[in-house]
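Topology and contacts: notes
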Amino acid sequence: MPFPLYLLAMAVFAMGTSEFMLAGLLPDIASGLGITVGTAGMLTPAFAIGMIVGAPLMAVLARNWPSRSSLFGFILAFAAAHAVGAVTTSYPVLFATRVVAALANAGFLAVALTTAATLVSPDKKGRALAVLLSGTTVATIIGVPGGSVLGTLLGWRATFWAVAALCLPAALGILKGVPAGRAKDETTGGPALRAELAQLTRPRLILVMVLGALVNAATFGSFTFLAPVVTDTAGLGELWISVAVVLFGAGSFVGVTVAGRLSDQRPAPVLAVGGPLLLTGWPALAVLADKPAALLPLMFVQGALSFALGSTLITRVLYEAAEAPTMAGSYATAALNVGATVGPLVAATTLGTTLGNLGPLWASGLLVAVALLIAFPLRNVIAAGQSTEVLP
């Protein structure tokens, strides 16, 4: 894989760390700014909504800019937002920095997904996507636990500074390693924006976007509410939350890496095998959550299956949106973040039911079941495109 891909993955690592790190910092932020934890918690949906809105908006704004300049500008804006957030004593200002950071993150990822596809041959989009998304998976393994420890030792502001600092070597690397051409120049034809947006009327593109969003919703629905499952249901200490997060992250890294080698030419086996296994895994995790010896290995397995299936579906988005070369990355980003927003909202509705802490796990199973019910009648269509293989 081209070296610039790994530079992009480094930036995605910093951004992924920022997206997930607030879960462990909210009490400290609330105390430091003199607000309630519930108010501080609004920083999370602010970021998620900014990602959803920002993906297409930033992609439209940057479609005529050189890719290198776009990526560099977005990552600098992201770093600056964290620097301002680290020094402010105002909650509204901090809230605004999270929205700005989300917009910059969305724009960067949308352009990065498109750029990654141009750095490799047309039949290796899946492998390129795997390298890019490895930044997110490594963030859950190293970045989020590291940010939590740093926040505990030095306060939440130190974590914001650390994220800003992580962006700087990635920014310099992008200037040195990413080609300077425009997205339009890197593709043939340079279609008009209206033609690229018209791709969203194609049923096959909408289908894989919906499926990708559902699988990602299941992933983040359970991941968001993992802590009480570990401490209350399994009866483990708080330190084991980080262990569970690392195991999930390690599994996701394995899953996205393996799927990256299959999703270009052989997506069907990933979907046909991974889908039912993922569906089985969430209820199994709910049933066995009170047994640490089962809970922890299953976290690894579910991380691997979730990201293998999710990254394969997002790769299909890039293939199906091939006629929208400057906007395809934003479609993939939007699908990912709609799932990341909807999943926790759906999961949260189950917490007040008799299912309690296990509700999100059952909700994740339901979301995957919906995805499979939609996918099964259209299984030949989903795997079509670059690959001629179909689901059995």
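Right above here is the structure, for reference.
Described in the following lines is the structure provided in the data block. Quantities reported herein were computed from a predicted structural model and do not represent experimental measurements. (Residues numbered from 1 in each chain as written. Predicted model: local features only at pLDDT ≥ 70, side-chain atom pairs only at ≥ 80, totals over all residues. Heavy atoms only, no water.)

Overview of the environment of Val60
For the record, the criterion: Secondary structure is summarised from DSSP: a helix means a run of H or I of at least four residues, a strand means a run of E of at least two, and numbering begins at the N terminus for each. Relative accessibility under 20% of the residue-type maximum defines a buried residue, over 50% an exposed one, and the middle range a partly exposed one, all with a 1.4 Å probe and only protein chains included. Any two residues having at least one pair of non-hydrogen atoms within 4.5 Å are treated as being in contact.
Turning to its location among the elements, Val60 is positioned in helix α4 (residues 43-62). Assessed through its relative accessible area of 31%, Val60 is described here as partly exposed. In the structure, Val60 is positioned 301 residues away from Leu361 in sequence and 37 Å away in space, judged by C-alpha atoms. Contact partners of Val60, with chain neighbours within four places excluded, come to Leu193 and Met327.

Examining a nonpolar patch on the surface
To keep it simple, the criterion reads: Candidate patch residues must exceed 30% relative accessible area and have no salt bridge, after which like charges are joined if within 9 Å and Val, Leu, Ile, Met, Phe, Trp or Tyr side chains if within 5 Å. Only the protein chains shown count as covering a residue, and every accessible area follows the Shrake-Rupley method with a 1.4 Å probe. We count a salt bridge whenever a side-chain nitrogen from Lys or Arg sits within 4 Å of a carboxyl oxygen from Asp or Glu.
Together, Phe253, Val254, Val258, Leu262, Phe300 and Val301 make up an exposed nonpolar region whose accessible area comes to about 420 Å². When contributions to the nonpolar patch are tallied by element, the ones reaching two or more residues are α12 (239-260) and α14 (292-320). The greatest single-element share of the nonpolar patch, amounting to three residues, is contributed by α12. Along the chain, the position of Leu262 falls in the loop between α12 and α13 (267-288). Note on Leu262: relative accessible area 31%, which makes it partly exposed.

Side note on the packing of aromatic side chains
Let me state the cut-off plainly: Two aromatic rings from Phe, Tyr or Trp, using only the six-membered ring of Trp, form a pair when their centres are within 6.5 Å; if the ring planes differ by under 30 degrees the pair is stacked, by over 60 it is edge-to-face, and anything between is tilted.
Going through the model one piece at a time under the given rule, you end up with five aromatic pairs. Their ring planes at 80° and their centres at 5.3 Å tell us that Trp156 and Phe160 sit as a pair that is edge-to-face. With a gap of four residues between them, Trp156 and Phe160 both fall in helix α8 (residues 156-177), about one helical turn apart. Here the two residues Trp156 and Phe160 agree in accessibility, since each one is buried. Ring geometry for Phe223 and Phe248: centres 5.2 Å apart, planes at 45°, overall tilted. With Phe223 in helix α10 (residues 203-224) and Phe248 in helix α12, this pair connects stretches of sequence that are 25 residues apart.

Observations concerning the packing of α4 against helix α15 (residues 328-348)
Our working definition: Interaxial angle, 0 to 180 degrees, is taken between N-to-C directions of lines fitted to C-alpha atoms, where a helix line uses only the stretch in contact. Should an angle lie under 35 degrees it is considered roughly parallel, over 145 roughly antiparallel, and from 65 to 115 roughly perpendicular; all remaining angles are considered oblique. In this count, Pro and Cys sit with the nonpolar residues alongside Ala, Val, Leu, Ile, Met, Phe, Trp and Tyr, while Asp, Glu, Lys and Arg are called charged and the others, Gly among them, polar.
Two elements in contact, α4 and α15, have axes whose closest approach is 8 Å; the angle formed by their N-to-C orientations is 170°. Judged on the interaxial angle alone, α15 and α4 are roughly antiparallel. Together, Ala48, Met51, Ile52, Ala55, Pro56 and Ala59 of α4 and Ser330, Thr333, Ala334, Asn337, Val338 and Thr341 of α15 make up the contact between the two elements. Tallied by class, residues from the contact of α4 with α15 come to eight nonpolar, four polar and no charged.

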